[in-house]
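# Architecture at a glance
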Amino acid sequence: QVQLVESGGGSVHAGGSLTLSCAASGRTFSSYDMGWFRQAPGKEREFVSAIVIGTWARYYADSVQGRFIISRDNAKNTLYLRMISLQPEDTAVYYCAAGAVTNDNYYTEIPYAYWGQGTQVTVSA
């Protein structure tokens, strides 16, 4: 089991940047595939990015490709999401999640058994 706590959210102007962190408890962080999802007001939660341990592949939603970078530091039990060139449409609560990806289902919520409480990101025009 793992507990996840996000931090690093805040309010920025369009074009600004933020780095989100997701601190994980427990000794097994390195064995989990990790993902970032977000939920904007009135919308369903959507996939943002994932990092899969088996292949060390990184995946991104089309909407953030080239602007967001996912990374992890297993020694610090921490997942990161570096976000640049933020736009108002990036405004959402961002969640990190841990689980086991199978059959390339990293972009769905299915493989993620553990979720953080979320951190708010607000981007103003």
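These remarks concern the structure in this document. In this text the structure is predicted, and so the values were computed from the model without any measurement.

### Here's the deal with the overall build of the protein
When helices and strands are tallied, the protein shows zero helices and eleven strands. Secondary structure elements of the protein, listed N to C terminal, follow the sequence β-β-β-β-β-β-β-β-β-β-β. For the protein, whose C-alpha radius of gyration is 13 Å, the value lies close to the compact-globule estimate of 14 Å for 125 residues. Expressed along its principal axes, the backbone C-alpha trace of the protein runs to roughly 40 × 25 × 25 Å. Counting across all 125 residues of the protein, residues that qualify as buried make up 46%. Of the contacts formed within the protein by residues at least 6 apart in sequence, a portion of 58% connects residues at least 24 apart. Summed over all atoms, the accessible surface of the protein reaches about 6,300 Å², with 50% contributed by carbon and sulfur. One finds the centroid of the 9 positive side-chain charges in the protein at a distance of 8 Å from the centroid of its 10 negative side-chain charges.

### Details of the pairing of strand S7 (residues 68-73)
Only one face of S7 is covered, namely the face carrying Phe68, Ile70 and Arg72; the face carrying Ile69, Ser71 and Asp73 is uncovered. Across six bridges, S7 lies against strand S8 (residues 78-83) in antiparallel orientation. Residue pairing for S8: isoleucine 69 is matched across the bridge by arginine 82. In sequence, S7 turns back onto S8 through a hairpin of four residues, with asparagine 77 there showing a positive phi of about 50°.

### Section: the pattern of salt bridges
Applying the stated rule across the entire model yields four salt bridges. Aspartate 90 serves as the salt-bridge partner of arginine 38, at 2.9 Å between the closest nitrogen and oxygen. With arginine 38 in strand S4 (residues 33-39) and aspartate 90 in the loop between S8 and strand S9 (92-99), the pair connects residues that are 52 residues apart, well separated along the chain. Aspartate 90 gets classed as buried once you look at its relative accessible area, which sits at 1%.

### With respect to the packing of aromatic side chains
Under the criterion given, the structure shown has eight aromatic pairs. Ring centres 5.3 Å apart and planes at 75° place the aromatic pair phenylalanine 37 and tyrosine 112 in the edge-to-face group. Residue phenylalanine 37 is located in strand S4, and its partner tyrosine 112 is located in strand S10 (residues 112-115); the two are separated by 75 residues in the primary sequence. Take phenylalanine 37 and tyrosine 112: they sit in the same class, and that class is buried. When the ring of tyrosine 59 is compared with that of tyrosine 106, the centres are 3.8 Å apart and the planes differ by 15°; the resulting orientation is stacked. Of the two residues, tyrosine 59 sits in strand S6 (residues 57-60) while tyrosine 106 sits in the loop between S9 and S10, which places them 47 residues apart along the sequence. Aromatic rings pair up to connect Phe37, Phe47, Tyr59, Tyr106, Tyr107, Tyr112 and Trp115 into one cluster. Lying over the aromatic face of tryptophan 115, arginine 45 brings its terminal NZ or CZ to 3.9 Å of the ring centre.

Rules used throughout
- Residues numbered from 1 in each chain as written.
- Predicted model: local features only at pLDDT ≥ 70, side-chain atom pairs only at ≥ 80, totals over all residues.
- Heavy atoms only, no water.
- Helix = DSSP H or I, 4+ residues; strand = E, 2+ residues; numbered from the N terminus.
- Rg over C-alpha atoms; globule rule 2.2 N^0.38 Å.
- Buried < 20%, exposed > 50% of the residue type's maximum accessible area, 1.4 Å probe, protein only.
- Contact = heavy atoms within 4.5 Å.
- Areas by Shrake-Rupley, 256 points an atom, 1.4 Å probe, with all protein chains shown as cover.
- Lys, Arg positive; Asp, Glu negative; His and termini not counted.
- Charge placed at Lys NZ, Arg CZ, Asp CG, Glu CD.
- Pairing = 2+ DSSP bridges.
- Salt bridge = Lys/Arg side-chain N within 4 Å of Asp/Glu carboxyl O.
- Phe/Tyr/Trp six-rings, centres within 6.5 Å; stacked < 30°, edge-to-face > 60°.
- Lys NZ or Arg CZ within 6 Å of the ring centre and 35° of its normal.

Remember, this is a structural readout, not a statement about activity or role.
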